[in-house]
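Descriptive analysis of the structure
Here are the chains, one letter per residue:
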Amino acid sequence: MPQETQNPISATENAPSSISELQALLRNDIKVKVAGIDVDGVLRGKYMSKDKFLSAASSDGFNFCSVIFGWDIHDTVYSKELLISNRANGYRDLIASIDLSTYRRIPWENNVPFFLVSFLDPDTKEPICADPRGVLRRVVAKAQTKDWKCIAGCEYEYFQFKETPESLARKNFRDLQPLTSGMHGYSLLRTQLNTEYFNDLFDESVKFQVPLEGHHTETGPGVYETALAYTDAVRMADNAILFKFLAKSVGMKRGVVPSFMAKPWGNLPGCSGHIHVSLRDANGKSIFALPEDQLKTGRPDAQYEDTKFLSQEGEWFLAGVLDGLPDVMPTLVPTINGYKRLVGGEAFWAPNAVTYGYDSRAASVRIISPPSVPPSATRLEVRVPGADMNPYFALSAIFALGLRGIEQKLRLPGPPVSQLSQEDKKNGKVRMLPQSLEAATERMMRPKSVAREEAVFGNDFVEHFGGTRQHEVRLWNEAVTNWEVERYLELA
């Protein structure tokens, strides 16, 4: 059996558990589509003949060029030689290990069968240090040693444009036409203008086994928000990546370009990628929930009023996230543009400091607990990531930091956001998050970074992923923007 079946996640409906079941499943097919994920969260894949696929599924996997870890989002080779794929190793092949539990069919591609893969080192047969699925599975496995299950849900905000890839290039990505005009959050009327596309996003998601909880307009011209149904962390990351693929694919058929760029417009709110997280025990009970006898009055030893309906483990988890948050920012906000979303801070509903609070959308981490929800729904919402996040790395960071907090029994760094003022940010009472990818990468890569701890990401990941972010920063620093030309060309 393929290696991927050894660490079960929430499998898709009708996912095969043996090669014989797989053969029966594909009996009427002639080809299969496969894909893995690179560090930028881009799906990289291809069609395979059924015979070739079955052969690979019966062994360790199939060969896949490592260059997808040696170049950037636009296929430009990294300016710095990095660990996984480089000139010295000849951009050698990796092993793409097929995960049978991810089986689904692509409804807009004649129902072709589809599987996700993870990338292994060809010598050790272990996941490479920056394989997104491998990184998250390692964190989830740590929780499993305590019989805990990592549960998550992702929400995406994203702009829509009445454009095509060709028109974007022709217009040099300027003067783009929004799908709808005006600011119309939660509007029933605006969705009537593009009802086929709006409904396709929901309906095709169900067919593609990417279940959704909510789907509506958000404030901004042509902005939607879609909440993915919560599930285990690896399946959630898979679903999050596949929803982007689905939205862009459906959009192409409708003459629409959905954009998950974090901050397309300077004067409008950006696009978030909020993440909800919790832990469950072997019986499905939330580790963050209080026992029955404390539900009326709350936990007596809570550090602050805001955490009194959060269990002790939940408070430690929260403290761990807050403690390491500044050191893992590139895994939550991986692009140059993503930090433009945070610069505006609370003015645009985006957090820019190490803060938390009960049911507070002004905080970096929002506590969702009784009395506003039932105990079983107790969870944390991490509001720092934008829609441009790589969900595997973002979820890995959150759960690794939270588990570290529980292990070390960390205390909260200070009072909740409701007890803080703008002056507290200025006088240093509140730790600010890095305000650029360059600053965030420098902090993540420094010798004593929390990210370098083996229980979080480890040195190999930090060196490779950090190198990819340094490449991104270098390209940005070399670029001459329209703003610079308009500001300086005539008057400087």
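Read on for an overview of the structure. (Residues numbered from 1 in each chain as written. Predicted model: local features only at pLDDT ≥ 70, side-chain atom pairs only at ≥ 80, totals over all residues. Heavy atoms only, no water.)

**Quick look at the overall build of the protein chain**
Of the regular secondary structure elements, the protein chain holds 14 helices and 14 strands. In terms of overall dimensions, the protein chain has a C-alpha envelope of 65 × 65 × 55 Å along the principal axes. In the protein chain, which comprises 492 residues, the proportion classed as buried is 58%. Across the protein chain, the fraction of contacts at a sequence separation of at least 24, relative to all contacts at a separation of at least 6, is 70%. On the protein chain, roughly 21300 Å² of surface is accessible, and the fraction owed to carbon and sulfur atoms is 51%. (Helix = DSSP H or I, 4+ residues; strand = E, 2+ residues; numbered from the N terminus. Buried < 20%, exposed > 50% of the residue type's maximum accessible area, 1.4 Å probe, protein only. Contact = heavy atoms within 4.5 Å. Areas by Shrake-Rupley, 256 points an atom, 1.4 Å probe, with all protein chains shown as cover.)

**Let's talk about the sheet that holds strand 2 (residues 43–49)**
The five strands lie next to each other as 2-1-5-4-3, forming an open sheet whose pairing is mixed. The two strands at the open ends of the sheet, each matched to only one other strand, are strand 2 and strand 3 (62–65). On average, adjacent strands in this sheet sit at an angle of 40° to one another, irrespective of strand direction. Where strand 1 (residues 31–37) and strand 5 (residues 112–120) come together, three bridges link them in parallel fashion. Bridge pairing in strand 5 links alanine 35 to leucine 116. In the packing of helix 2 (residues 50–57) onto the sheet, contacts are made with strand 1, strand 2, strand 3, strand 4 (93–106) and strand 5, and the angle to strand 2 comes to roughly 110°. (Pairing = 2+ DSSP bridges. Axes fitted to C-alpha atoms, helices over the stretch in contact; angles between N-to-C directions.)

**A word on the pattern of salt bridges**
The final tally for this structure, using the stated rule, is 28 salt bridges. Between glutamate 486 and arginine 174 there is a salt bridge; the shortest N-O distance is 3.4 Å. Within this pair, whereas glutamate 486 is found in helix 14 (residues 482–488), its partner arginine 174 is found in the loop between helix 4 (165–170) and helix 5 (195–207), the two being separated by 312 residues in sequence. Overall, glutamate 486 belongs to the exposed group, its relative accessible area being 58%. Within the structure, one salt-bridge network assembled from shared partners comprises Asp99, Arg133, Arg137 and Asp238. (Salt bridge = Lys/Arg side-chain N within 4 Å of Asp/Glu carboxyl O.)

**Things to note about the side chain of asparagine 337**
Inspection of the secondary structure assignment puts asparagine 337 in the loop between helix 8 (329–332) and helix 9 (338–343). Among the polar contacts listed, one links the side chain of asparagine 337 to the backbone nitrogen of lysine 263, at a separation of 2.7 Å. Contact partners of asparagine 337, with chain neighbours within four places excluded, come to Met261, Ala262 and Lys263. (Polar contact = N/O pair within 3.5 Å; in protein donor to acceptor, adjacent residues only side chain to side chain.)

**Points about the pairing of strand 7 (residues 212–217)**
Among the six residues of strand 7, five are classified as buried, and the element is accordingly described as predominantly covered. Following strand 7, the chain reverses through five residues before pairing antiparallel with strand 8 (residues 223–228); glycine 220 in that reversal takes a positive phi of roughly 135°.

**A few points about the environment of leucine 168**
Relative to the helices and strands, leucine 168 is located in helix 4. Sequence-wise, leucine 168 and lysine 149 are 19 residues apart; in three dimensions their C-alpha atoms are separated by 43 Å. If we ignore the near neighbours within four places in the chain, the residues touching leucine 168 are Glu163, Phe173, Leu176 and Val257.

**Thoughts on the nonpolar core**
Core analysis: the biggest nonpolar cluster contains 134 residues, and Phe53, Phe243, Leu279, Phe317 and Phe399 have the highest contact counts within it. The contact partners of leucine 279, leaving out residues within four places of it in the chain, are Trp148, Lys149, Cys150, Lys285, Ser286, Ile287, Phe288, Phe317, Phe399, Leu403 and Ile406. (Core = buried A, V, L, I, M, F, W, Y, C linked by side-chain atoms within 4.5 Å.)

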